[in-house]
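Residue-level listing of the chains:
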Amino acid sequence: MASTSHSNPPGDSEDAPSGFGTRAVHAGQQPDPATGAVMTPIYQTSTYAQEAPGEHKGHEYSRVSNPTRSALEGNLAALEKADHGIAFSSGVAGIDAIMKSLRPGDHVVATDDLYGGTHRLLRQVFEPLNIETTFVDMGDPKAVEASFTDDTALLWVETPTNPLMRIVDIEALSERAHAHGITVAVDNTFATPYLQQPLLHGADLVLHSATKYLGGHSDLILGAVCTDSDEWAERLRFQVKSTGASPGPMDCFLTLRGTKTLHLRMEQHCANARRLAQMLNARSEVGRVRYPGLPSHPGHSLAQKQMSDYGGMISFELADDDMEKALAILDATDVFTLAESLGGVESLIEHPASMTHASIPAEERRKIGLTDSLIRLSVGVESFDDLRDDLDHALSQV
Ligand code: PLP
């Protein structure tokens, strides 16, 4: 597994139309039929001329569809080896559309360690609408199965989880969920399709915050769902049309530009993160380093099985779990910018307890092991030595 340099991730078999890099650059796109422009234009239009009522060239109104968006959707579907890609105005809008496809009384089982905004949406928006969620540690597939009820309609998986970097067995959980007729959705934002393709492990829906690695440059907000299910694709397109969760053409264009270099960027994110995790692991100020590429990580062998490399995200605690010291480290970095979000070319550092995961009640955070000294790094593609020196300097402040 986990070759550090590969042209094709797992799942790229001989019957695939082309390798990952080729799909990343070309899928979904062709020279513009009107002008020959090689790059898909930003079709900045809300409406389209019709020759007669209902007679048009495939697009009627841009809330429903737009040529730049269609190119992106084809590209994302190809990266996940899916039949359908549906783009949304944000990752959260994609999760919201999946949830709105459920019915009052339905039950959801979700990873207990997950993006704070997903937690907030499930708890504070959908529970009042009578769609309840049980949050469980997905480390034990049997325990997950035990949380299924007759009403469970959706299993929501994140892997690696955010921010604790746990690895969840997509295949084992999909088998168990499908035996109960439950749809499996995987948030693949951290891994990206370059490192992990959940549909190939049995998942039904893959969610992306394309704001992160797919866009890759921290300059857009966009979400996507990929699926092989015609039924789900139709439901989700209906949601986009009906609720207006459509991304604008400029953000679609920027995401398309981002995916063209996804494979190149991910190689560098992974290489930098692997070396930084080893460096942090050797520091006395640092407690547990949560990086699935470390052999000491409890999910290491599972990650070897379902991912082709370990990604660019690292979390770590301080040896004495001192929050003040954690905040001092955040203050002392220079190359790592203190900011929410992840997946851009630039390195970011943040404090989940007070930033990305502040919307999770403190007691629930403590229960899952999200401590107040936990620091999360989104390792960028800068020169490794500068990243190492920056963290080295910041750690020496405490
Ligand atoms: N999923 C994960 C794992 C995330 O980290 C985020 C955002 O940080 C989202 C989903 C939501 O995406 P967006 O901010 O594009 O709505």
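Residues numbered from 1 in each chain as written. Predicted model: local features only at pLDDT ≥ 70, side-chain atom pairs only at ≥ 80, totals over all residues. Heavy atoms only, no water.

**Overview of the site of the ligand**
Okay, so step 1: Close contacts around the ligand come from Ser90, Gly91, Val92, Tyr115, Asn162, Asp187, Thr189, Ser209, Thr211, Lys212, Leu222 and Leu342, and that covers them all.
Okay, so step 2: Valine 92 has a polar backbone atom sitting 2.9 Å from an oxygen atom of the ligand.
Okay, so step 3: Contact distances for the ligand include 2.6 Å between a nitrogen atom and a side-chain N or O atom of aspartate 187.
Okay, so step 4: The fraction of the free accessible surface of the ligand (390 Å²) that becomes covered by protein chains is 91%.
Okay, so step 5: Here the ligand occupies the second largest pocket.
Okay, so step 6: Grouping the amino acids of the shell around the ligand by side-chain chemistry returns four nonpolar, six polar and two charged. (Near = heavy atom within 4 Å. Polar contact = N/O pair within 3.5 Å; in protein donor to acceptor, adjacent residues only side chain to side chain. Areas by Shrake-Rupley, 256 points an atom, 1.4 Å probe, with all protein chains shown as cover. 1 Å grid on protein atoms, 1.4 Å probe; cavity = no way out; pocket = protein on both sides within 12 Å on 5 of 7 lines; lining within 4 Å. Sits in = over half its atoms within 2 Å of the grid points. Nonpolar A, V, L, I, M, F, W, Y, C, P; charged D, E, K, R; others polar.)

**As for the pattern of salt bridges**
Okay, so step 1: For the structure shown, the criterion picks out 16 salt bridges.
Okay, so step 2: Glutamate 145 is the partner of arginine 176 in a salt bridge, and the nearest nitrogen-oxygen pair spans 2.9 Å. Here glutamate 145 lies in helix 5 (residues 141-146) and arginine 176 lies in helix 6 (residues 170-179), a separation of 31 residues in the sequence.
Okay, so step 3: Residue classification places glutamate 145 among the partly exposed residues on the basis of a relative accessible area of 27%.
Okay, so step 4: One salt bridge connects aspartate 389 with arginine 388, and the closest N-O pair in it is separated by 3.1 Å.
Okay, so step 5: Classification of aspartate 389 as partly exposed rests on a relative accessible area of 40%. (Salt bridge = Lys/Arg side-chain N within 4 Å of Asp/Glu carboxyl O. Helix = DSSP H or I, 4+ residues; strand = E, 2+ residues; numbered from the N terminus. Buried < 20%, exposed > 50% of the residue type's maximum accessible area, 1.4 Å probe, protein only.)

**Thoughts on the nonpolar core**
Okay, so step 1: Ranked by size, the top nonpolar core spans 62 residues in total, and within it Leu276, Leu280, Val289, Ile314, Phe316 and Leu377 carry the most contacts.
Okay, so step 2: The biggest single contributor to this core is helix 10 (residues 262-281), with eight residues.
Okay, so step 3: Looking at which domains feed residues into this core, each of domain 1 (20-107 + 140-156 + 169-259) and domain 2 (262-396) gives three or more.
Okay, so step 4: Not counting chain neighbours up to four residues away, the residues in contact with phenylalanine 316 comprise Leu280, Val286, Arg288, Val289, Ser373, Leu374, Ile375, Leu377 and Leu395. (Core = buried A, V, L, I, M, F, W, Y, C linked by side-chain atoms within 4.5 Å. Domains from an automatic or database assignment. Contact = heavy atoms within 4.5 Å.)

**Points about the sheet that holds strand 3 (residues 132-136)**
Okay, so step 1: Strand order across the open sheet formed by seven strands is 1-7-6-5-4-2-3, with mixed pairing between neighbours. Every interior strand has two partners, whereas the edge strands, strand 1 (84-88) and strand 3, have only one. The sheet shows a mean angle of 20° between the axes of neighbouring strands, taken without regard to direction.
Okay, so step 2: Bridge analysis of strand 2 (residues 107-111) against strand 4 (residues 152-158) gives four bridges, and the strand direction is parallel. By the bridge assignment for strand 4, valine 108 is matched with leucine 154.
Okay, so step 3: Contacts between helix 4 (residues 116-126) and the sheet are confined to strand 2, strand 3 and strand 4, with strand 3 contributing the most and set at about 140° to the helix.
Okay, so step 4: Contacts from helix 8 (residues 230-243) reach strand 1, strand 5 (183-187), strand 6 (205-209) and strand 7 (223-227), with the element oriented near 20° to strand 1. (Pairing = 2+ DSSP bridges. Axes fitted to C-alpha atoms, helices over the stretch in contact; angles between N-to-C directions.)

**Concerning the domain arrangement of the protein**
Okay, so step 1: Parsing the protein into structural domains produces domain 1 (20-107 + 140-156 + 169-259) and domain 2 (262-396).
Okay, so step 2: At the junction of the two partners, domain 1 supplies 23 residues and domain 2 supplies 25 residues.
Okay, so step 3: Across the interface of domain 1 and domain 2, roughly 2,000 Å² is buried in total on both sides, 60% from carbon and sulfur atoms.
Okay, so step 4: The largest share of the area that domain 1 buries against domain 2 comes from Tyr194, Leu195 and Tyr213, three residues that together contribute 36% of it.
Okay, so step 5: Among the ionic pairs, aspartate 169 bridges to lysine 305, the shortest N-O distance being 3.7 Å.
Okay, so step 6: Joining domain 1 to domain 2, the criterion identifies twelve residue pairs in polar contact (both at pLDDT 80 or more).
Okay, so step 7: Of all the secondary structure elements, the ones that give two or more residues to the side of domain 1 that touches domain 2 are helix 1 (20-26), helix 7 (192-195) and helix 9 (249-259).
Okay, so step 8: Per element, the largest residue contribution to the side of domain 1 that touches domain 2 is four residues, and it comes from helix 7.
Okay, so step 9: Residue composition of the side of domain 1 that touches domain 2, by class: eleven nonpolar, ten polar and two charged. (Buried area = accessible area lost by both parts, 1.4 Å probe.)

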